Amino acid sequence: MKGQFKMKVLVIGSGGREHTLVWKITQSPKVSQIYCAPGNAGISKLAQCINIDADNIEKLANFAKKEKIDLTVVGPELPLSRGIVNEFSEQGLRIFGPSKEATEIESSKVFSKYLMKKYNIPTANYEVFKNSEKAFNYIKQQAFPLVIKADGLAAGKGVFIVKNMVQARDALDTLMEEKKFGEAGRQVIIEEFLEGEEVSILAFSDGRNVVPMVSSQDHKKIYDNDQGPNTGGMGAYSPVPFYNHKSEKIFLQKILIPVIEGLQKEGREYKGVIYAGLILTKDGPKVLEFNARFGDPETQVILPRLKTDLIDILNAVIDETLHKINIEWEDNAAVCVVLASGGYPGKYQKGKVISGLERLKKMEDIIVFHAGSKLQDNKVITSGGRVLGITAWAENITEAKKKAYEGMEKIYFEDMYYRKDIATKAIK
Ligand code: AMP
Ligand code: GLY
């Protein structure tokens, strides 16, 4: 690469997803320097962390201009939904991600459902309400369980599966009367409850061409056997054995291509990563939601399996040349187990010293992706609910799982909690 132009890259965000992105980007021979805003303790070993919040678009753009950043990669949904891509593009700054208008596929569930209905994309039947009494009267005529969802962004907490009128009333009150999620709950969706295994399929889209990534599954509930309240995700694995060739074919023809073409027709060209949360029902795969970005913790198990230089893919998306590159994956498996602070997703303590990270470095094909961690007096301490994601890869899921849990045993902080059954479903 001697004498060749090398890029300066800025990654935006501070979670396990962003640590994984930074780690993957460091492997590209085309990159000379990586910055991350704001980053975390793990990221600071690989990139220069910048103390700017992920949603401070003005400051981020000023930084990118001043440092002559060649490419900015956005991790979380909030800056996307506030138009970071529009703003950077207007200022002539190169950035990876969908525009504000295209991000509405995640930031407004009402828009997402409208799009799916219009373009015949399989999803749960639904109705939209702006008034809680009308919503309640509608529910009286439906059979339980039902799903009630806030229209806007609610960090994964705006979805309620209700089994009776009391729970339905509670959910509507929380969203529409108490306005717990503010504007996000101004409109609600009430939809039929679907049954099946959930799978996350992420894809790269340059607006015209789409290329799906390998499949993965998140574990959203806090306790083993999918019990207890929802979290940001307690672990993931890839690939998913029950997402077979037939599901993939249906996904491409009935979901992925129609959604990208539909967005194009609506004047909301989609460039970036599109994430489909699928449920595999007895009538075939249906869409639960779309996200406008890489998933967390799905990214932690997907990117270690990617053989192609990620920078080449990101550039191809921006330049609309995805059809010209061949995206290749390892024929292996990866498992990520999340280590959380005791009490999460409710109240938990911060500031616990994390030990054992050095011991794990001696192991092969395993890495700790940091989420809620920070450096203080040369020590790594906890600073969030989900703290670390121990991620291992091997020739199959059984081996990858074994290795991830072996790694986990080397790490300690007071009150740490993790699920013991990550990827068990894939092995049974
Ligand atoms: P969403 O943010 O729309 O993906 O919803 C979050 C979670 O709620 C999903 O991952 C599912 O576990 C559950 N969920 C959402 N919609 C439905 C549905 N229609 N039927 C069954 N479960 C659902
Ligand atoms: N793993 C769920 C999400 O990224 O939204």
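Residues numbered from 1 in each chain as written. Chains lettered and ligands numbered in written order. Predicted model: local features only at pLDDT ≥ 70, side-chain atom pairs only at ≥ 80, totals over all residues. Heavy atoms only, no water.

Draft legend 1. Structural detail: the overall build of the protein chain. Within the protein chain, the regular secondary structure consists of 14 helices and 23 strands. Rg of the C-alpha trace for the protein chain: 21 Å, near the compact-globule value of 22 Å for 428 residues, within the 12% margin. Its C-alpha atoms give the protein chain principal-axis dimensions of roughly 65 × 45 × 40 Å. Pairs at least 24 residues apart make up 69% of the contacts formed inside the protein chain by residues separated by at least 6 positions. Only carbon and sulfur atoms are counted for the fraction: they give 46% of the accessible area of the protein chain, which is about 19,100 Å². (Helix = DSSP H or I, 4+ residues; strand = E, 2+ residues; numbered from the N terminus. Rg over C-alpha atoms; globule rule 2.2 N^0.38 Å. Contact = heavy atoms within 4.5 Å. Areas by Shrake-Rupley, 256 points an atom, 1.4 Å probe, with all protein chains shown as cover.)

Draft legend 2. Quick look at the side chain of Thr123. Relative to the elements of secondary structure, Thr123 occurs in the loop between α6 (109–118) and β6 (126–129). By relative accessible area, Thr123 is classed as buried at 13%. Looking at Thr123, its side chain comes within polar contact range of the side chain of Lys113, at 2.9 Å. For Thr123, the residues in contact, after removing those within four places along its chain, are Lys113, Met116, Glu192, Lys286 and Val287. (Buried < 20%, exposed > 50% of the residue type's maximum accessible area, 1.4 Å probe, protein only. Polar contact = N/O pair within 3.5 Å; in protein donor to acceptor, adjacent residues only side chain to side chain.)

Draft legend 3. Up close: the pattern of salt bridges. Summed over the entire model, instances satisfying the criterion amount to 28 salt bridges. Of the charged contacts, one joins Arg293 and Glu77 as a salt bridge, the two residues approaching to 3.0 Å between their closest N and O atoms. Highlighted residues: Arg293 in the loop between β17 (284–291) and α10 (298–302) and Glu77 in helix α3 (residues 77–81), separated in sequence by 216 residues. Judged by its relative accessible area of 11%, Arg293 is buried. In this structure, the salt-bridge partner of Arg268 is Glu104, at a minimum N-O distance of 3.5 Å. Pair noted here: Arg268 is in the loop between α9 (245–265) and β16 (271–281) and Glu104 is in helix α5 (residues 100–107), with a separation of 164 residues, a long-range link. Bridged by salt links that share partners, the residues Glu197, Asp226, Arg419, Asp421 and Lys425 form one connected network. (Salt bridge = Lys/Arg side-chain N within 4 Å of Asp/Glu carboxyl O.)

Draft legend 4. Broad picture of the pairing of strand β19 (residues 366–370). Counting buried positions along β19 gives five out of five residues, so the element sits mostly inside the fold. Burial of β19 is two-sided: the residues Ile366, Val368 and His370 facing one way and the residues Ile367 and Phe369 facing the other way are all buried. Examined bridge by bridge, β19 and strand β22 (residues 386–394) share five bridges and lie antiparallel to one another. Opposite Ile367, over in β22, you have Thr391 as the bridge partner. (Pairing = 2+ DSSP bridges.)

Draft legend 5. The arrangement of the domain arrangement of the protein chain in detail. For the protein chain, the domain assignment lists domain 1 (7–97), domain 2 (125–192), domain 3 (195–324) and domain 4 (333–427). Between the C-alpha centres of domain 2 and domain 4 the distance comes to 35 Å. (Domains from an automatic or database assignment.)

Draft legend 6. Focus on the site of ligand 2. Every residue close to ligand 2 is listed here: Asp218, Tyr275, Asn291, Arg293, Gly295, Asp296, Pro297 and Glu298. A distance of 2.9 Å separates a nitrogen atom of ligand 2 from a polar atom in the side chain of Asp218. Within the side chain of Asn291, an N or O atom sits 3.4 Å from an oxygen atom of ligand 2. A total of 200 Å² of accessible area belongs to ligand 2 in isolation, and the protein chains cover 87% of it. (Near = heavy atom within 4 Å.)

Draft legend 7. Structural view of the nonpolar core. Ranked by internal contacts, the top residues of the largest apolar core, which has 56 residues, are Val259, Ile274, Phe290, Val335, Leu388, Ile390 and Ile411. It is α9 that provides the largest number of residues to this core, a total of six residues. Each of two domains, domain 3 (195–324) and domain 4 (333–427), supplies a minimum of three residues to this core. In this view, Ile274 contacts Ile105, Ile201, Leu202, Ala203, Leu256, Val259, Ile260, Phe290 and Asn291; residues no more than four positions away in its chain are not counted. Judged by nonpolar contacts, the second largest core, of 34 residues, contains Val22, Ile43, Phe204 and Val273. (Core = buried A, V, L, I, M, F, W, Y, C linked by side-chain atoms within 4.5 Å.)

Draft legend 8. Structural view of the packing of aromatic side chains. Summed over all chains, the structure comprises nine aromatic pairs. With a centroid separation of 5.3 Å and 80° between ring planes, the pair formed by Tyr35 and Phe63 is classed as edge-to-face. A residue pair is termed long-range when its members are at least 10 positions apart, and Tyr35 in strand β2 (residues 31–38) and Phe63 in helix α2 (residues 57–66) qualify at 28 residues. In textbook terms, an aromatic cluster arises when at least three aromatic residues are bridged by ring pairs, as seen for Trp23, Phe369 and Trp393. (Phe/Tyr/Trp six-rings, centres within 6.5 Å; stacked < 30°, edge-to-face > 60°.)

Draft legend 9. Structural view of a negative patch on the surface. Judged by side-chain charge, Glu395, Glu399, Glu406 and Glu409 come together as a negatively charged surface patch. By the element assignment, Glu395 lies in the loop between β22 and α13 (397–408). For Glu395, a relative accessible area of 67% translates into the label exposed. (Patch = residues over 30% accessible without salt bridge, like charges linked within 9 Å, V, L, I, M, F, W, Y side chains within 5 Å. Lys, Arg positive; Asp, Glu negative; His and termini not counted. Charge placed at Lys NZ, Arg CZ, Asp CG, Glu CD.)

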